[in-house]
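Working through the structure, step by step
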Amino acid sequence: GGFVGVDIFFVLSGFLISSILFSQLAREKFSFVDFYSRRIRRIYPSLLVILIACFIFGWFVLYDDEFRQLGKHIAGGAGFVANLVYWAESGYFDSAAETKPLLHLWSLGIEEQFYIIWPLLLWFSWKKRFSLLKLTVLILVGSFLLNIALFRTDTVADFFSPFTRFWELLAGALLAYFTIFKSDNEANARSRSKLFGWLFLIGRNIPKRLYSQTVLSVTGFVFILVAIFITKKSHFPGVWALIPVLGTLMMIAAGKDAWINKKLLSHKLLVMLGIISYPIYLWHWPLLSFAQILSVKTPDLPVRILIIPVSVLLAWLTFRFVENPLRFGLHVRIKTLVLFVLMFFVGLTGYLSYKYNVFTGRSISQYSNALILDFYADEHGLTSKPDNLVNECGLNGKDKEFFPNCFS
C-alpha cells in the first residue's frame, strides 16, 4: 500500500504551493516568472541527476529494446508527461511495472501539469474578482466525480489522468484557502470544524473537545495507516483515495502543536528525511527497478533492504552537492536558464534514443542465440559450439511470421 504516499504528497503539495499562491495574490505580489523560476530550481536539479544516471547505467546493462524504451521514458520524464506516456503503454500494476526504472515520474508529471494550469486560473479569477473558494470547490468536485466515473470504466486512465488526480491537490488547496483567508485562530477553528465535522458523523452541537488538535491529528494518522494496509490489494484511486487524502488533511489542519505533529513528525530524524524526501523519491525506484532487471526476478530481501540506506545516501549527496547549490545562492536567473536548457537537451537525447534506436549493441535475439548454441553443444557432447543453427533462435522455419527477429 505504499502507493498511497503519492496521494499524501499531492495533498501536501497542494496545501503548501497554494498557500504561497493565495498569500501572494492577496498581497498583489504574484509573478508568473518568479513562480515558475522557483519551480525549475526546485524540481530540475535532482531530476536531471536521475535522468542522466539512468541513461548511463542503462547503456551498460540494458538490451537495445529496453534501452530504447528507457529513452522514451527519459523524454517523458524531462517533459513532465510521464503519466501520459505510461497511460498509453499499460496500467501501473501490470507485471512490467518493476522493469521501468522511471515509472515513478508519473506522479511528478501530474503535479507539474497541475502547476501549469492552477496559477493561471487563480490569477485570472483574482483579477476578475471571482471567488477563489468557489473556483477551488468547483474544480475539486468535478475532478473527483470524473475519478469515480473512470474508476468504473477505465482504471488505467483513472490512475494516470491528471484530471482525475487534480482533486487531491485541490483538497490541499482548499485547506490552504481557509488557512490564508481566515487568519484569526477562532475563525480557523470554525472553518476546520465545518470542513471536517462530518467525518466524525456528528452534528453541529457536539462538544468542542472533539475538534481538538490532538483528536484531529490522531484520527488523520489512523486514516493514513488504514489506507496503507486496506487499499494495498484494491483498485486505485476511486473512492479509496479519500482515505489518505482526508487523513492528510486532518493532520495538516491539526496544526503544529498537535501531539503527533509536535512529538513524532517534528523529530529531527524525520525532519531530515523530509528535507531530502524529493531526491529519496527520485532515487529509490530506479534502484529497485534496475535490481529487478539484473536479477530477472524480485530481488532478494537483503538487497531490497540495502537499497533503502543507499537511496538515502544518494539522496543526501544529491541534495548537498546538486540541489541546494543550484536552488539557492547567487545568479538565480542564470541557474534557471541553464537548468531549463539542460533539461531540454536531456529530454531530446532520450527522445532521439527512442526514435532512432541509437544503441544496437545488445539484442535479445543475439543473447538468446548464444544460449541456444551453448545448450545445443552440451546436449550433443560437442567440444565447441556450432557456427549457427537453422536460425538465430533455433526455431522451426514456420515460426518466422511470429518471430521475425530470430531469422537472419
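A brief report on the enclosed structure follows. (Residues numbered from 1 in each chain as written. Predicted model: local features only at pLDDT ≥ 70, side-chain atom pairs only at ≥ 80, totals over all residues. Heavy atoms only, no water.)

1. Observations concerning the packing of helix 14 (residues 277-295) against helix 15 (residues 301-327)
Axis angle and axis distance: for two packed helices, these are the angle between their axes and the distance between the axes, and together they describe the pair. Running from amino to carboxyl end, helix 14 crosses helix 15 at an angle of 140 degrees, the nearest separation of the two axes being 8 Å. If you check the angle between helix 14 and helix 15, you find them oblique. Note on packing geometry: the crossing formed by helix 14 with helix 15 is right-handed. Contacts from Tyr 278, Pro 279, Ile 280, Trp 283, His 284, Leu 287, Leu 288 and Ala 291 of helix 14 reach helix 15 at Val 303, Ile 307, Val 310, Ser 311, Val 312, Leu 314, Ala 315, Thr 318, Phe 319 and Glu 323. Across the contact of helix 14 with helix 15, the residue classes tally to 14 nonpolar, 3 polar and 1 charged. (Axes fitted to C-alpha atoms, helices over the stretch in contact; angles between N-to-C directions. Helix = DSSP H or I, 4+ residues; strand = E, 2+ residues; numbered from the N terminus. Parallel < 35°, antiparallel > 145°, perpendicular 65-115°, else oblique. Left-handed = near helix turned anticlockwise from the far one by under 90°. Contact = heavy atoms within 4.5 Å. Nonpolar A, V, L, I, M, F, W, Y, C, P; charged D, E, K, R; others polar.)

2. A closer look at the pattern of salt bridges
Going through the model one piece at a time under the given rule, you end up with 9 salt bridges. Residue Glu 28 is joined to Lys 127 by a salt bridge in which the shortest nitrogen-to-oxygen separation is 3.7 Å. Residue Glu 28 is located in the loop between helix 1 (4-26) and helix 2 (32-61), and its partner Lys 127 is located in helix 5 (residues 105-127); the two are separated by 99 residues in the primary sequence. In this structure Glu 28 comes out as exposed when scored by relative accessible area, which is 53%. Here Glu 168 and Arg 165 are joined by a salt bridge, their closest N and O atoms 3.3 Å apart. Accessibility assignment for this pair places Glu 168 and Arg 165 in one class, buried. Here the salt bridges share partners, and the residues they tie into one network are Asp 7, Arg 165 and Glu 168. (Salt bridge = Lys/Arg side-chain N within 4 Å of Asp/Glu carboxyl O. Buried < 20%, exposed > 50% of the residue type's maximum accessible area, 1.4 Å probe, protein only.)

3. Observations concerning the environment of Leu 287
Structurally, Leu 287 is set in helix 14. Separated by 233 residues in the primary sequence, Leu 287 and Cys 54 have C-alpha atoms spaced 9.4 Å apart. Apart from the residues lying within four places of it in its own chain, the contact partners of Leu 287 are Ile 307, Val 310, Ser 311 and Leu 314.

4. Observations concerning the nonpolar core
Counting 82 residues, the largest nonpolar core has Leu 47, Leu 51, Leu 102, Leu 105, Trp 118 and Leu 122 as its most contacted members. If you tally residues by element for this core, the top one is helix 8 (residues 166-181), at 11 residues. (Core = buried A, V, L, I, M, F, W, Y, C linked by side-chain atoms within 4.5 Å.)

5. Considerations on helix 11 (residues 242-254)
Taking 1.5 Å per residue as the helical rise, helix 11 with its 13 residues ought to reach 18 Å, and the 18 Å between its terminal C-alpha atoms agrees with that figure. In terms of burial, helix 11 is a largely internal element, 11 of the 13 residues being buried. Those residues of helix 11 lying buried are Ile 243, Pro 244, Val 245, Leu 246, Gly 247, Thr 248, Leu 249, Met 250, Met 251, Ala 253 and Ala 254. Where helix 11 ends, the next residue or the one after it, Gly 255, has phi of about 90 degrees, a positive value. (Expected span 1.5 Å × (residues − 1).)

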